[in-house]
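Each chain, letter by letter, is given below.
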Amino acid sequence: MQKGISYIQTNRPTTTMKLFIIAAVLAVAAAAPSSYKPYEKTYEKDYKYPEIVVTGQSDERNLDGSSRWNYAQSDYATREETQEQKKFVVTKVDDYGKETKEEVYGNTNKGSSYWVSPEGEKFTLTWAADDAGFQPAGAHLPVAPVHVYELPVAPVHEYELPVAPVHEYELPVAPVHIPFNGKGYKIY
C-alpha cells in the first residue's frame, strides 16, 4: 500500500455487479428447454397435395437501382420480375393553378407469373408497370366487349347565310389650317 491512500472494503455489490447477475439469470432462463412440444405439420386424411417448396431462386440488385429476381416452386409455379429506374417528366400544379414540368426518377417494373390451378388449368400472367400505368396481360383475364355500331351524324342544312348590307358614302375631310407667325405671314 502507498502512504496516504486508504482502501475501504465493503461487502455491498455495486450496480454493475447487480446488472451482471440479472443478465446471467435471464440468459439461463432463455436457454432452458421449453416444455411445449414443437409444432409438427399433420394433414387430414383427405389431403391430396404435397408440401410446396422453393426449388430455385435468384435475386440480383444493381448499383444503378435496377434489379432482377425470380423463383420456382415444386408445384411448377414461377415468378420473375425486373425493375429499372427511369426519368419521368411530370406536371405539377401549384395552389394557384400554375402548371410546371419537372423531371423525377421512378421505377418501371415488368414481370410474369405461371401457376397451375388445383383443377389442372395452366395460367400465365405478364405485366408492366410504368408511366402508362399497370398493364396486365393473360389469356384468363376478361376482355371488354367491342361494340360495333355507327355513330349518329348530325344533319346537314343547306341555306344561305345573311350578308350584311354594304353602305357607300364619302367620309368628310377635315379642313387644313395653315399657321401664321402673328405678322400675317404663312409659315412653311
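Nothing here was measured: the structure is a model prediction, and the numbers come from that model.

1. Concerning the overall build of the protein chain
Okay, so step 1: Across its full length, the protein chain holds one helix and six strands.
Okay, so step 2: Along the chain direction, N to C, the helices and strands of the protein chain fall in the order α-β-β-β-β-β-β.
Okay, so step 3: Here the analysis covers contacts within the protein chain between residues at least 6 apart in sequence; of these, 18% occur between residues at least 24 apart.
Okay, so step 4: As displayed, the protein chain offers around 18600 Å² of accessible surface, 57% of which is attributable to carbon and sulfur atoms.

2. Thoughts on a nonpolar patch on the surface
Okay, so step 1: A surface patch of nonpolar side chains, about 420 Å² in accessible area, is lined by Met 17, Phe 20, Ile 21 and Val 25.
Okay, so step 2: Within the fold, Phe 20 resides in helix α1 (residues 15-31).
Okay, so step 3: Judged by its relative accessible area of 57%, Phe 20 is exposed.

3. Points about the packing of aromatic side chains
Okay, so step 1: For the coordinates displayed, the defined rule picks out two aromatic pairs.
Okay, so step 2: Considering the side-chain rings of Trp 69 and Tyr 71, the 6.2 Å spacing of their centres and the 10° angle between planes classify their relative orientation as stacked.
Okay, so step 3: Between the aromatic rings of Trp 115 and Phe 123, the centroid separation amounts to 5.3 Å while the plane-to-plane angle is 20°, which identifies the pairing as stacked.

4. Some points on unusual backbone geometry
For residues other than glycine, phi is negative in most cases, and the peptide bonds are mostly trans.
Okay, so step 1: Even without a glycine there, the phi angle at Tyr 76 is positive, about 70°.
Okay, so step 2: Considering the arrangement of structural elements, one finds Tyr 76 in the loop between β2 (67-73) and β3 (78-93).

5. Some words on the sheet that holds strand β4 (residues 99-116)
Okay, so step 1: The antiparallel open sheet is built from six strands, whose spatial order is β1-β2-β3-β4-β5-β6. Edge positions in the sheet fall to β1 (54-61) and β6 (133-137), since each has one partner strand and no second. For this sheet, the mean inter-axis angle between neighbouring strands, taken without regard to orientation, is 15°.
Okay, so step 2: As judged from the eight bridges shared by β4 and strand β5 (residues 122-130), these two strands associate in the antiparallel manner. The partner of Trp 115 across the bridge, within β5, is Phe 123.

6. Quick notes on α1
Okay, so step 1: Compared with the 24 Å implied by 1.5 Å per residue over 17 residues, the 25 Å span of α1 between its first and last C-alpha is a close match.
Okay, so step 2: Counting buried residues in α1 gives zero out of 17 residues, a small share hidden from the surface.

7. Regarding the pattern of salt bridges
Okay, so step 1: Going through the model one piece at a time under the given rule, you end up with five salt bridges.
Okay, so step 2: Measuring nitrogen to oxygen at the nearest pair gives 2.9 Å for the salt bridge that ties Asp 59 to Arg 61. Like Arg 61, Asp 59 is exposed.
Okay, so step 3: As a salt-bridge pair, Lys 87 and Glu 103 come within 3.6 Å of each other at their nearest N and O atoms. In this pair, Lys 87 sits in strand β3 while Glu 103 sits in strand β4, placing the two residues 16 residues apart along the sequence.
Okay, so step 4: Given the relative accessible area of 44%, Lys 87 is considered partly exposed.

8. A look at the pairing of β3
Okay, so step 1: Examined bridge by bridge, β2 and β3 share six bridges and lie antiparallel to one another. For Tyr 71, the partnering residue across the bridge sits in β3 and is Arg 79.
Okay, so step 2: What sits between β2 and β3 in their antiparallel hairpin is a turn of four residues, with Tyr 76 showing a positive phi close to 70°.
Okay, so step 3: Adjacent in sequence and paired antiparallel, β3 and β4 are bridged by five residues, among which Gly 97 carries a positive phi angle near 90°.

Cut-offs and rules
- Each chain carries its own residue numbering, running from 1 in the written order of its sequence.
- Where local features are concerned, this predicted model is filtered to residues with pLDDT of at least 70; where side-chain atom pairs are given and counted, the filter is 80 or more; whole-chain, interface and lining totals use all residues.
- Water and hydrogen atoms play no part in the side-chain values, which are based on all heavy atoms of the structure.
- Counting from the N terminus, the helices are DSSP H or I runs at least four residues long and the strands are E runs at least two residues long.
- The contact rule is simple, with two residues in contact once any of their heavy atoms fall within 4.5 Å.
- Per-residue and other accessible areas follow the Shrake-Rupley method at a 1.4 Å probe size, with only the shown protein chains counted as cover for residues.
- Patches here are clusters of residues that have more than 30% relative accessible area and form no salt bridge, with a 9 Å joining cutoff for like charges and a 5 Å cutoff for nonpolar side chains (Val, Leu, Ile, Met, Phe, Trp, Tyr).
- Each salt bridge in this description consists of a side-chain nitrogen of Lys or Arg and a carboxyl oxygen of Asp or Glu lying within 4 Å of one another.
- The buried label applies to any residue whose accessible area, calculated with a 1.4 Å probe on protein chains only, is under 20% of its type's maximum; exposed applies above 50%, and partly exposed to all values in between.
- Any two of the Phe, Tyr and Trp rings considered here, Trp counted by its six-membered ring, make a pair once their centres fall within 6.5 Å; the pair's planes then place it as stacked at under 30 degrees, edge-to-face at over 60, or tilted in between.
- By the convention used here, strands pair only if DSSP detects at least 2 bridges between them.
- Fitting a line to C-alpha atoms yields each axis, with helices limited to the stretch in contact; the angle taken between N-to-C directions then spans 0 to 180 degrees.
- For a helix, the expected span equals 1.5 Å multiplied by the number of residues minus one.

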